[in-house]
Amino acid sequence: MKFIRYGKYLGEPADAVDLEELVKRLGDFFLQSGFESQFYGMNEMDSEKSMEALRQAILKALQEGDLLPEGAMSDELREMLQNADAMNNNAVRDLLDKVMERMAQEGFINPRQPPQVTPPPQTSARGQVGQPQGRQVEARFEITDKTIDFLGFKTLQDLLGSLGRSSFGRHDTRDLATGIEASGVSKQYEFGDTLNLDVSETLFNAVRRDGAKVPIEINYSDLMVHQCEYHSSCATVVLLDCSHSMILYGEDRFTPAKRVAMALSHLIRTQYPGDTLSLVLFHDSAEEVPLGELARVQVGPYYTNTREGLRLAQRILLRQKKDMRQIVMITDGKPSALTLEDGRIYKNAFGLDPFVVGQTLEEVNKCKRAGIMINTFMLASDYSLVHFVQKITEMCRGKAYFTTPYTLGQYLLMDYMSRKTKQIH
């Protein structure tokens, strides 16, 4: 008599992996800023990374445990996963490939296959000459906006958790305005007010004027709108130092700075919808970078052109019609470069050059005259740099924080969330 033996279906191990936790653990890999290239000899500084590197990063995350629940895979596969040569095992590579396939399906990565080009054959009188075999182009991938947003949210969540309970607020003031949340008596509509109608008061005005009849005719003078507490808005430029010193001296300072900027972007978008945030990178020169590209940027040239960064930040802020304008400058070094009037770049990396410092402080003075506050987060503690930053703070009525890459986020978010605008009338 023939028997059929059934076993418990365990499912695919790749389906049991918590992708959100995996992406969180891969955050340093996704956001790497060039620090690793010093030790591994990688010279390619593009935003796309190889699929093989991702496969190795996932393997390392799986080997650390907690990503796969108990019983999600066989003991044999779990043992193979911990072997030193696990990458050479077909079952392990199949698991990693399926995990990457899930990441692509759920929008965390965007795989990019190398282009397949077949050149036309060359012919001659003697016959056909074959094409030489070129180097195999490695498959690569790019992180998506979903991953960037998710990492920003997780960073913000971790930072706020370390701060304890805090009130987000909305930059409160003492004034009233026509808005969405009604908290005051209604007022007659004036041109330019938000058309948040108080329907009952508007109808009552029309009935009081013409009596109770149908249809009710509403005139312009009958319109009444709700009032709410006026919430001021703020325009912020994150001025991020991406000179080469941010990854030198055995410490990666640029990746934590990127994480904090991403968390600040998520905070503003979700809790302060009226605020704006722009990103300016400064190195030998300065450039504005879309916030969507923040996770992909890496360290640039060697020098620190602080004045050019302040110039560009001013141009961005002066276009914004906001109650408050501020620059959040994150740097670890002294200003060591200037863009001259003819476009040439003056550089001096030895000490605090009086010419560079003087021109930079003149730009700080222009920020003061324009009503732009500068808050500086210094990732170094040299005596000369402390004096320089204190001078900036004194001129612009801003704040200076001498911090480390590990406490940068706590200081920056505390500063942003605790700012109130009671001085605005």
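Let us look at the structure shown here. (Residues numbered from 1 in each chain as written. Predicted model: local features only at pLDDT ≥ 70, side-chain atom pairs only at ≥ 80, totals over all residues. Heavy atoms only, no water.)

Here we look at helix 6 (residues 90–105)
We apply this condition: In this text, helices come from DSSP runs of H or I with a minimum length of four residues, and strands from runs of E with a minimum of two, each type numbered from the N-terminal end. Every helix has an expected span of 1.5 Å times one less than the residues it contains. We call a residue buried when its accessible area falls under 20% of the maximum for its residue type, exposed when it is over 50%, and partly exposed in between, using a 1.4 Å probe and counting protein chains only. This arc describes the spread of directions from the helix axis toward the C-beta atoms. Here a residue-residue contact requires only that any non-hydrogen atoms of the pair lie within 4.5 Å. Residues adjacent in sequence count toward polar contacts only when both atoms are side-chain atoms; beyond that, a polar contact is any pair of N or O atoms within 3.5 Å, and within protein one must be able to donate a hydrogen and the other to accept it.
A rise of 1.5 Å per residue sets the reference length of helix 6, with its 16 residues, at 22 Å; its end C-alpha atoms lie 22 Å apart and thus fit the reference within 8%. Every buried residue of helix 6 is accounted for by Val 92, Leu 95, Leu 96, Val 99, Met 100, Arg 102 and Met 103. All buried residues of helix 6 lie within an arc of 155 degrees about the axis, which places them on one face of the element. Among the exposed residues of helix 6, those pointing more than 90 degrees away from its buried face are Asn 90 and Gln 105. Looking at the buried side of helix 6, the elements it contacts are helix 1 (19–25), helix 2 (27–30), helix 4 (51–63), helix 5 (75–81) and strand 2 (109–112). Where helix 6 begins, the side chain of Asn 89 points an oxygen toward the backbone nitrogen of Ala 91, at a separation of 2.9 Å.

Some remarks on the pattern of salt bridges
Definition in use: Each salt bridge in this description consists of a side-chain nitrogen of Lys or Arg and a carboxyl oxygen of Asp or Glu lying within 4 Å of one another.
Going through the model one piece at a time under the given rule, you end up with 17 salt bridges. Its salt-bridge partner being Arg 93, residue Glu 52 comes within 3.4 Å of it at the nearest N-O pair. On the criterion of sequence distance, the pair formed by Glu 52 in helix 4 and Arg 93 in helix 6 is long-range, its members being 41 residues apart. Assessed through its relative accessible area of 22%, Glu 52 is described here as partly exposed. A salt bridge links Arg 102 to Glu 106, with the nearest nitrogen and oxygen atoms 3.4 Å apart. Take Glu 106: its relative accessible area is 37%, and that puts it in the partly exposed class. One salt-bridge network, in which partners are shared between bridges, spans Glu 52, Arg 55, Arg 93 and Asp 97.

Re the sheet that holds strand 12 (residues 324–331)
Paired through backbone hydrogen bonds, the strands of a sheet run either parallel or antiparallel to each other. Heads up, the condition is: Paired strands, in this sense, are two strands between which DSSP finds at least two bridges. Note on geometry: axes are lines fitted to C-alpha atoms, helical ones only across the stretch in contact, with angles between N-to-C directions running from 0 to 180 degrees.
Read from one edge of the open sheet, 6 strands run 11-10-9-12-15-16, paired in mixed fashion. Looking at the sheet topology across the chains shown, the edges are occupied by strand 11 (286–289) and strand 16 (400–402). Strand-to-strand twist across the sheet, computed as the mean angle between neighbouring axes with direction ignored, equals 20 degrees. Taken together, the 6 bridges between strand 12 and strand 15 (residues 373–378) define a ladder with parallel strand orientation. Across the sheet, residue Met 329 finds its bridge partner in strand 15, namely Thr 376. Against the sheet, helix 12 (residues 383–396) contacts strand 12, strand 15 and strand 16, and its axis sits at roughly 160 degrees relative to strand 15.

A word on the environment of Arg 311
Locating Arg 311 in the fold gives a position in helix 10 (residues 306–318). Here Arg 311 falls in the partly exposed class, since its relative accessible area comes to 22%. Arg 311 sits 49 residues away from Thr 360 along the chain, and the two C-alpha atoms are 9.6 Å apart.

Observations regarding the packing of aromatic side chains
Spelled out, the test is: The criterion for an aromatic pair is that two Phe, Tyr or Trp rings (for Trp, the six-membered ring) have centres within 6.5 Å, with stacked assigned to planes under 30 degrees apart, edge-to-face to planes over 60 apart and tilted to the rest.
As enumerated under the stated definition, the model contains 2 aromatic pairs in all. Arranged with centres 5.9 Å apart and planes meeting at 75 degrees, the rings of Tyr 189 and Tyr 220 form a pair that is edge-to-face. One end of the pair, Tyr 189, is in the loop between strand 7 (184–188) and helix 8 (199–210); the other, Tyr 220, is in the loop between helix 8 and strand 8 (224–231), with 31 residues separating them in the sequence. Look at Tyr 346 and Phe 355: their rings are 5.4 Å apart centre to centre, the planes differ by 80 degrees, and that puts the pair in the edge-to-face class.

Here we look at helix 11 (residues 354–369)
Taking 1.5 Å per residue, 16 residues should reach 22 Å; helix 11 reaches 22 Å between its end C-alpha atoms and fits that length. If you check which residues of helix 11 are buried, you get Val 356, Val 357, Thr 360, Leu 361, Glu 363, Val 364 and Cys 367. For helix 11, the angular spread of the buried residues around the axis is 155 degrees, confining them to a single face. Exposed residues pointing more than 90 degrees away from the buried face of helix 11 are listed as Pro 354 and Arg 369. Lining the buried residues of helix 11 we find helix 10, strand 12, strand 13 (337–339), strand 14 (345–347), strand 15 and helix 12. Where helix 11 begins, the capping side chain belongs to Asp 353, and its oxygen is found 2.8 Å from the backbone nitrogen of Phe 355. At the C-terminal side of helix 11, Gly 371 shows a positive phi close to 75 degrees.

Regarding the pairing of strand 12
Most of strand 12 sits inside the fold, with 7 of its 8 residues counted as buried. Alignment of strand 9 (residues 234–241) against strand 12, held across 7 bridges, turns out to be parallel. Residue pairing for strand 12: Leu 239 is matched across the bridge by Met 329.

Description of a negative patch on the surface
Defined as follows: For patch detection, residues must exceed 30% relative accessible area and be free of salt bridges, and they are connected within 9 Å for like charges or within 5 Å for nonpolar side chains (Val, Leu, Ile, Met, Phe, Trp, Tyr). Only the protein chains shown count as covering a residue, and every accessible area follows the Shrake-Rupley method with a 1.4 Å probe. The convention is simple: Lys and Arg are positive, Asp and Glu are negative, and His and the chain ends are not counted. Where a charge lies is defined by one atom per residue type: Lys uses NZ, Arg uses CZ, Asp uses CG and Glu uses CD.
Taken together, the side chains of Glu 70, Asp 75, Glu 76 and Glu 79 make up a negatively charged region of the molecular surface. Relative to the helices and strands, Glu 70 is located in the loop between helix 4 and helix 5. Residue class for Glu 70 comes out exposed when judged on its relative accessible area of 75%.

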